[in-house]
Amino acid sequence: MTTTARLSPTDLFAQVMRYENRPDPYPYYALMRERPVVRMDNGTWLVSGYHEIAQLLHDPRISADRLNPQAPKPPQRSLLVQDPPRHDRLRRLVTQEFVPRITGMRDHIAELVDQLLDAHTSSGPGQLDVVADLAYPLPVTVICELLGVPREDEPVFGSLSRRLTLALDPVDSPTEEQIRDAQQARDQLLEYLEALIQRRRAEPGDDLLSALMSSGDDEGPMGPVDLRVTLVLLLIAGHETTVNLIANGTLALLRDPGVLARLRTDPDLATPLVEEVLRYDPPVQMSGRSALADIDIAGTTIPKGSRIRIMLAAGNRDHRRFPDPDRFVPDRRDNTHLGFGGGIHYCVGATLARAEAQLALTALARRLEAPRLVADPPPYRENATLRGPEHLPVAFDRLTNG
Ligand code: HEM
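Residues numbered from 1 in each chain as written. Predicted model: local features only at pLDDT ≥ 70, side-chain atom pairs only at ≥ 80, totals over all residues. Heavy atoms only, no water.

J.: Please clarify how the sheet that holds strand E7 (residues 287–291) should be interpreted in this entry.
T.: Pairing between the strands of a sheet is mediated by backbone hydrogen bonds and can be parallel or antiparallel. Spatially, five strands are ordered E1-E2-E10-E7-E3 in an open sheet, and the strand pairing comes out mixed. Both outer strands of the open sheet, strand E1 (37–39) and strand E3 (62–63), are each paired with one neighbouring strand and no more. (Pairing = 2+ DSSP bridges. Helix = DSSP H or I, 4+ residues; strand = E, 2+ residues; numbered from the N terminus.)

J.: Is there a simple way to think about the packing of aromatic side chains in this case?
T.: Between two aromatic rings, the relevant description is the distance of the centres plus the angle of the planes. Summed over the entire model, instances satisfying the criterion amount to five aromatic pairs. Summarising the aromatic geometry, the rings of Tyr50 and Phe322 are spaced 5.4 Å apart at their centres and angled 85 degrees between planes, so their arrangement reads as edge-to-face. With Tyr50 in helix H3 (residues 50–57) and Phe322 in the loop between helix H15 (312–315) and helix H16 (350–367), this pair connects stretches of sequence that are 272 residues apart. The pair Tyr50 / Phe322 is uniform in exposure class, with both members buried. Centre to centre, the rings of Tyr280 and Phe328 are 5.4 Å apart; their planes meet at 80 degrees, and the pair counts as edge-to-face. Here Tyr280, found in helix H14 (residues 270–280), pairs with Phe328, found in the loop between H15 and H16; they are 48 residues apart in sequence, far enough to count as distant. For Phe328, a relative accessible area of 11% puts it in the buried group. (Phe/Tyr/Trp six-rings, centres within 6.5 Å; stacked < 30°, edge-to-face > 60°. Buried < 20%, exposed > 50% of the residue type's maximum accessible area, 1.4 Å probe, protein only.)

J.: When you look at the coordination of the iron atom of the ligand in this model, what are you seeing that I'm missing?
T.: Under ideal tetrahedral coordination, the four donors around a metal are separated by 109.5 degrees; under ideal octahedral coordination, the six donors are separated by 90 or 180 degrees. No protein donor other than Cys347 (SG) coordinates the iron atom of the ligand, and that contact is at 2.3 Å. Within the secondary structure layout, Cys347 lies in the loop between H15 and H16. (Donors = N, O, S within 2.8 Å, 3.2 Å for Na, K, Ca; no water.)

J.: What should I look at first to understand the pairing of E7 in this one?
T.: Along a regular strand, successive side chains alternate from one face of the sheet to the other. Counted residue by residue, E7 has five buried out of five residues, so it is predominantly covered. With burial as the criterion, each face of E7 is covered, one bearing Ser287, Arg289 and Ala291 and the other bearing Gly288 and Ser290. Where E7 and strand E10 (residues 307–310) come together, four bridges link them in antiparallel fashion. Bridge pairing in E10 links Arg289 to Ile308.

J.: Would you mind going over unusual backbone geometry with me for this structure?
T.: Note on backbone geometry: most residues besides glycine have negative phi, and most peptide bonds are trans. Cis peptide bonds are those with omega within 30 degrees of zero, and the linkage from Pro84 to Pro85 qualifies with 0 degrees. Looking at the element boundaries, Pro85 is found in the loop between E3 and helix H4 (86–102). In this chain, Asp376 is followed by Pro377 through a cis amide linkage whose omega measures 0 degrees. On the secondary structure map, Pro377 appears in the loop between strand E12 (372–373) and strand E13 (393–396). In this model, Leu67 sits at a positive phi of 55 degrees, which is unusual for a non-glycine residue. As for its position among the elements, Leu67 is in the loop between E3 and H4. The phi dihedral of Ala370 is positive, around 50 degrees, even though this residue is not glycine. One can find Ala370 in the loop between strand E11 (368–369) and E12. Assessed through its relative accessible area of 38%, Ala370 is described here as partly exposed.

J.: Which parts of the structure should I look at to understand the pattern of salt bridges?
T.: Between side chains of opposite charge, a pair can form when the charged atoms approach closely. A full pass over the atoms with the stated rule returns 28 salt bridges. Between Asp114 and Arg366 there is a salt bridge; the shortest N-O distance is 3.4 Å. Of this pair, Asp114 sits in helix H5 (residues 106–118) while Arg366 is found in helix H16, placing the two residues 252 residues apart along the sequence. By relative accessible area, Arg366 is classed as partly exposed at 43%. Residue Glu275 pairs with Arg354 through a salt bridge whose shortest N-O separation is 2.7 Å. Of the two residues, Glu275 is situated in helix H14 and Arg354 in helix H16; the sequence distance between them amounts to 79 residues. (Salt bridge = Lys/Arg side-chain N within 4 Å of Asp/Glu carboxyl O.)

J.: In this structure, what is going on with the side chain of Arg22? I would like to understand it.
T.: Looking at the element boundaries, Arg22 is found in the loop between helix H1 (9–17) and helix H2 (26–32). A polar atom in the side chain of Arg22 sits 3.1 Å from the backbone oxygen of Val16. Of the polar contacts made by the side chain of Arg22, one reaches the backbone oxygen of Glu382; its length is 2.7 Å. Beyond its immediate chain neighbours, meaning those up to four positions away, Arg22 contacts Val16, Met17, Tyr380, Arg381, Glu382, Asn383, Ala384 and Arg387. (Polar contact = N/O pair within 3.5 Å; in protein donor to acceptor, adjacent residues only side chain to side chain. Contact = heavy atoms within 4.5 Å.)

Here's what the structure looks like:
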């Protein structure tokens, strides 16, 4: 870390956004928390304390509208950026079909994990890129199967999803090219999904897409625009988040061989351990909101109409909430972290992401002999909001059979 004495809130946020600091933004978050609710020069409010974040996430005077001039206009917005009552209806329509499909999936996910690792089984020393070989293909395969999106189309929608995600990072003044690229990626993804919707309409399947088209509530099924943007949201969430949970978890394990050894002998440790990864090194580092009214908080007032940055990853390391917050404690108790957000927008995919990460990390601990990081820190992806390694090369003495 460079000299940090008296960096302004604006500078601290800029440091978090700098690519050079992607491997370890946490010292900057610690400095931010000295003033847990503070205004930056561009007028956006930065909220970095655990209690303040939790308070705002549960406050009905907060809107999920990020006031981003580049964002699509209301009818094209996903539930992630909508407020009640529209948010609640859309969320209900998704969860009523999504949640029952997740339950009972653990065995299948475990099989997929083993298949992916089987491709690299080796009786001697070898190397694995945990991102490319496991952390990425696992959630992508699962979300494709769930939604009914052909896995072989991955080269198309995988890169579109990535380009769209880059546009999620808060930038004060994006370049023309950035705006155009994000819009193009979004249009192409919507077009791709529209063609798929037409196919499913003609020939419904047993998948979530077909179910979302036909089922509904008193008001009927989801409208065509909502259906498309919901699919984009689920596809992106399936592509760009769990990958980082598995990769960040692997990093934590390999940086602390004692924890790795414990997981190997006690697979049940995976449950609290994954929660600790979600606290200690969360895949979604921040989110955005706006104020629908003047909001008194932490001795200050966020004025109505303000844009707000919610620094989830900073809140997760707040010593006012978690003892010894900078230590990775795999069996930490009372771990109500902010990794999946909170309040009405709490992550819909939490159960699925947890299962995938628990099974992937347990399998790595069980099957890899003497794994070690080839590069520490590994190379990181550009994105600061959905943050994680681009590659995670791991050397091992042996990779045993599943
Ligand atoms: C480790 C993986 C994941 C993490 C860390 C994560 C994190 C989050 C967070 C922090 C939010 C709240 C954002 C906010 O309040 O602004 C959220 C919302 C959401 N997530 Fe996830 N997510 C993950 C995986 C998934 C998966 C696999 C899916 C589904 C396929 C999913 C679907 C959603 C949806 C639909 C929302 C919006 C909910 C709403 O607005 O009511 N997520 N997620």
